[in-house]
Structure formats: C-alpha cells, structure tokens
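Coordinate inspection notes
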Amino acid sequence: MTPTRRPLRRALVALALLPLALGACSSTSGPDVAGAGSSTTGSPVTSAATAPTAAGSSAPSSGATGTTTISEGAGAGGGTGATTTASASPSGAPTPAAVTAPTDVLTGLVQPWSVAVLPDGSALVSERNDGRVHRVPAPGSGGRATVVGTLPITRTAGEGGLLGLAVGPDFATDPVVYAYYSTQDDNRIARVPLAGDRLGEPEIVFDGIPNGRNHNGGRIAFGPDGYLYVGTGEAGDTSLSQNLDSLGGKILRITKDGEPAPGNPFGGSPVWSYGHRNVQGLAWDSRKRLWASEFGANTYDELNLVEPGGNYGWPQVEGRAGDDSYVDPVAQWPTAEMSPSGIAIGPDGAVYMAALRGESVWRVPVDADGAAGTPQRLLEGDYGRVRDIHFVGGGTAWIVTGNGEDDRVVALPAASVGVA
C-alpha cells in the first residue's frame, strides 16, 4: 500500500528553541542488541485460536507471505495450551479468562515488535522486518489470526522497520491505528484505518524522526491525556539527544494529527523530555505517571520516571549521575542483565520490563513517591529474548519473543511473571 501524505502543521520554532539547545557531544556508545537476528524467513505463522474473528474474516490480505493456520500443538514451555471459557463484559467485549498453562497465541513470526489491543479484546501484532500486521482474536473467543495488511516500510539492515503500534483514542467512532515505521529517509508515524480485517492506506501525520542502523526508538502509546507519546532513539548520533532542535533521543508528545501537543515544555516543540539514548518502552500507572525504559551503552540500562522537560543525561551520563542537571533513573541494571524494550504496568501496580539481552522479565515494585523496590528477575532463559509484555486481563500476561526467527506471542498465567 502507498501512503498518502497529510500536510504537516508542526511549528518547529527552531529560532525560539535555539537558546535552549545544548552543545553537541563527541561521546561514543556501543551498540545495543535489540536488533539481533536479521533473518527474513521463518516457519508458517500459526494461531492457537478456534473460532471466527470479530470481523468474521479469515482470509489473509495481500502482502501476506504465509497462510495463518490453527495450532494443534502443546503450549509454549511445555504447557497444554488449555484455557477456560470467556464470558462477555458489560461493554460487549469478551472478558478473557486466565490461562492455566503457557499457551502459544501466535507462532512462526520473524521479529514481532509491538502488540496493540483493540476495544473488542482482539490485538494487532507487528513484524519488524517485513511490515506485516497480524490480527489475533480476543483471548478465549476462538478464531484464527489473519494478516490484515503490510505497511510500506523501507527497512535498512539493523533495528529499523515496522515498530510500534497504538490504537487511536476515538476508535469506536474513528477506527484507526497508528504505526511507527522506517523508510530510507526517516522514521515516521502514520494513521491507518482498520476496516474489519483489512488495513487501509496509511496517512502520514508525523515524519522527520532520525533513523539509523541502530537506536530507532519506536514505541508509541496514547497517554491518559489523549495525546500520542513517541519514544525515539538518537540513531547512533549521540549529539542529537541533547539537541532540542532534533527529534532524536527524545520522548515526544503530539496530537493525533501530528501537531505538538498543548502544554509541552518547550513552546511549539513536540519534545516532552530529552537526553535519551533509545526509548522502547512507555507505560502509565494508576497515578498517570509515565514510565520509560532506556537502553544504555556499555554500563547501565535504565527505568525512568518521566518528567516534562527533564534531561535524562545521555550521552554525558549513563545510569545515575547524582547531578541536579539530570534526572536519575529510578532503577538501573548492568546491560548484560537487561537491554529493555517493552514495559507494562501490572495489575499489582508494579512495572514489568521485557529484557532482550537479559532473556527475562523484570518486575519492579514502585511506591507512591516514585521510588523503586527490589527488582525481581523472572522467566530467565525460558523464552530467550523478550521483546514486549502485556497484561490482557483475566489473570493473563502476554510476552512477545525477539529471537530473530520462529518467534511467538505466548500467554502465561500472570503469576508466572510475579503477579500474586
């Protein structure tokens, strides 16, 4: 599909921001490992569902490279794959029941990256390397997954491609999803209509985000305030993170039409916070506080509590600085234990972080003051590299693997990731 382009009305006000911009830095950084595994082949995609999708369609759209089939095998990690029956919620969406054992939701994927849950409980799953988007039926409702479309990525080697997905805030009346993806020139965000089980033409609402072989960021999510938050990377150019005229190495806050959101800390700029290296996780807790994961270089990976206008230190600082000029992370880890990507807030209020190099899920309790308790490492080595984590209700967590090929989405009892 060919994207249509919406005239961008972003007032960048470079002259107004120039006095705020900080000087470039010559520090270098080692590569993270989020992009390991560049294979573009894999086993056929399968789904463990058993009844029609909400839209009633099971035919893959054009651009699919394999036919979606029903998985009859055992669940992931040796589980049986059994689930209990789901009931209907007052809103009409199915209320998912807890799985009783690890269960494959979708298999045969190549570098799945993001999960976006739709109001009916079904979910969209992106594949980074080829731009495919799968729709998975709501947990417990049955059906089979379908490929609903392929976005027009122009992926270079490395960590670019189809990255984050987010559901539009007015989906009931305006059924669109937002996608962050790479072209030869930049990373950009498009709004994409979803009609039944078919994606429409993408409409670009925001572009010009720096891209590179590494550090493309990519996480997008609508916050409690209805604005779209965007995690970007510095694309391997460390000077961009401290440069307020650049979109790289930032968390951005924009409207659904791609304008800088009202109330941003730097006037007409989309920048919300800066001094980041590579942001791949965004989540809000019940107090509407924004948490973000941060790839370090060679020393520390970070969990940050995000403040508007905050400077998170890269490349001058990696991990805690103890310097009032920068916002220190709430928690930090040696890079061998983490390489964080997606994060989620659990039903217990803790922050859950997917670890790639660390091949784990980390549970981080946080208190009302934003302080972190002792992190707990879970699922170490059980599924390899973990790209993302979601809680889908009914005592179930989904994890997304990122091993390079034959990846999968796995449903687990929430207790498996530390939820009591």
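These numbers come from a predicted model, not from an experiment.

Brief notes about the overall build of the protein
From N to C terminus, the protein includes one helix and 30 strands. Relative to its 420 residues, the protein shows a buried fraction of 57%. Sequence-distant contacts in the protein: of pairs separated by 6 or more residues, those separated by 24 or more amount to 58%. Accessible surface for the protein amounts to roughly 15,100 Å². Of this, 51% is attributable to carbon and sulfur atoms.

Things to note about the sheet that holds strand 27 (residues 376-378)
Ordered by their spatial adjacency, four strands build an open sheet running 24-25-26-27, and the pairing between neighbours is antiparallel. Edge positions in the open sheet fall to strand 24 (340-345) and strand 27, since each of these has one partner strand only. Mean inter-strand twist for the sheet, computed between neighbouring axes without regard to direction, equals 25°.

Overview of the packing of aromatic side chains
Counted under the stated rule, the structure contains six aromatic pairs. Taking 5.8 Å as the distance between ring centres and 75° as the angle between the ring planes, the aromatic pair formed by Phe 266 and Tyr 274 counts as edge-to-face. Since its relative accessible area comes to 12%, Phe 266 is described here as buried. Among the aromatic residues, those joined into a ring-pair cluster are Tyr 229, Trp 272 and Trp 284.

Considering the pairing of strand 26 (residues 360-364)
Of all five residues in strand 26, five are buried, a share of seventy percent or more. Side-chain alternation along strand 26 places Ser 360, Trp 362 and Val 364 on one buried face and Val 361 and Arg 363 on a second face that is also buried. Across five bridges, the pairing between strand 25 (residues 351-355) and strand 26 is antiparallel. Bridging from a neighbouring strand, Met 353 pairs with Trp 362 of strand 26. Hairpin connection of strand 25 to strand 26: four residues between the antiparallel strands, including Glu 359 at a positive phi of 45°.

Let's talk about the pattern of salt bridges
In the structure shown here, the tally under the stated rule is 14 salt bridges. Linking Asp 130 and Arg 132 is a salt bridge whose minimum nitrogen-to-oxygen distance equals 3.3 Å. Asp 130 gets classed as partly exposed once you look at its relative accessible area, which sits at 30%. Residues Arg 363 and Asp 348 are paired through a salt bridge, measuring 3.1 Å at the closest nitrogen-oxygen approach. In this pair, Arg 363 sits in strand 26 while Asp 348 sits in the loop between strand 24 and strand 25, placing the two residues 15 residues apart along the sequence. Looking at Asp 348, the relative accessible area reads 33%, which means it is partly exposed. Members of the salt-bridge network, linked through shared partners, are Asp 120, Arg 135 and Asp 197.

Regarding unusual backbone geometry
With omega at 5°, the peptide bond leading from Trp 314 into Pro 315 counts as cis. Tracing the backbone through its elements, the reader meets Pro 315 in the loop between strand 22 (300-305) and strand 23 (331-334). Even without glycine at this site, Lys 288 takes up a positive phi of about 65°. Relative to the helices and strands, Lys 288 is located in the loop between strand 20 (279-284) and strand 21 (290-294). Phi is positive for Glu 359, close to 45°, though the residue is something other than glycine. Relative to the helices and strands, Glu 359 is located in the loop between strand 25 and strand 26. Note on Glu 359: relative accessible area 32%, which makes it partly exposed.

Focus: the side chain of Glu 302
Structurally, Glu 302 can be placed in strand 22. Although buried, Glu 302 forms no salt bridge, and the nearest oppositely charged side chain, Arg 320, lies 8.8 Å from it. Of the polar contacts made by the side chain of Glu 302, one reaches the side chain of Asn 304; its length is 3.1 Å. Those residues in contact with Glu 302, other than ones at most four positions away along the chain, are Ala 292, Ser 293, Glu 294, Glu 318, Gly 319, Pro 329, Ala 331, Gln 332, Trp 333, Pro 340 and Met 353.

Here's the deal with the confidence of the model for the protein
The predicted model of the protein averages 83 in pLDDT, with 77% of residues at 70 or higher. Taken as a whole, residues 7-43 scores under 50 in pLDDT and shows 96 contacts with residues more than four places along the chain or in a different chain. Note on residues 49-92: pLDDT is under 50 here. Beyond four places in sequence and across chains, it has 100 contacts.

Here we look at the environment of Ser 122
Looking at the element boundaries, Ser 122 is found in the loop between strand 7 (112-117) and strand 8 (123-127). Ser 122 sits in the buried class, given a relative accessible area of 3%. In this structure Ser 122 touches Ala 116, Val 117, Arg 135, Val 136, Pro 137 and Ala 138, once residues within four positions along its chain are discounted. Polar side-chain contacts of Ser 122 include one of 2.6 Å to the side chain of Asp 120.

Criteria and thresholds
- Counting starts from 1 at the beginning of each chain's written sequence and moves along it residue by residue.
- Whole-chain, interface and lining totals are the exception, using all residues; otherwise, since this is a predicted model, local features are given only for residues with pLDDT of at least 70 and side-chain atom pairs are given and counted only at 80 or more.
- Here the side-chain values reflect all heavy atoms present in the structure, with hydrogen atoms and water set aside.
- Here a helix means four or more residues in a row that DSSP labels H or I, a strand means two or more in a row labelled E, and each is numbered from the N terminus.
- We call a residue buried when its accessible area falls under 20% of the maximum for its residue type, exposed when it is over 50%, and partly exposed in between, using a 1.4 Å probe and counting protein chains only.
- Contacts are residue-level and defined by heavy atoms, with any inter-residue pair within 4.5 Å sufficient.
- In these tables, accessible area is a Shrake-Rupley quantity obtained with a 1.4 Å probe, and a residue counts as shielded only by the protein chains included in the view.
- Here, strands pair whenever DSSP counts at least two bridges between them.
- For helices, the fitted line uses only the C-alpha atoms of the stretch in contact; every axis is such a line through C-alpha atoms, and the angle between N-to-C directions lies from 0 to 180 degrees.
- Side-chain rings of Phe, Tyr and Trp, where Trp is taken by its six-membered ring, are said to pair if the distance between their centres is within 6.5 Å; with planes under 30 degrees apart they count as stacked, over 60 as edge-to-face, and otherwise as tilted.
- When a carboxyl oxygen of Asp or Glu is within 4 Å of a side-chain nitrogen of Lys or Arg, the pair counts as a salt bridge.
- Here the positive residues are Lys and Arg and the negative ones are Asp and Glu; neither His nor the chain ends is included.
- We call two N or O atoms a polar contact when they sit within 3.5 Å, provided that within protein one can donate a hydrogen and the other can accept it, with sequence-adjacent residues counted only if both atoms are side-chain atoms.
- The predictor attaches a confidence to each residue, and that confidence, scored 0 to 100, is pLDDT.

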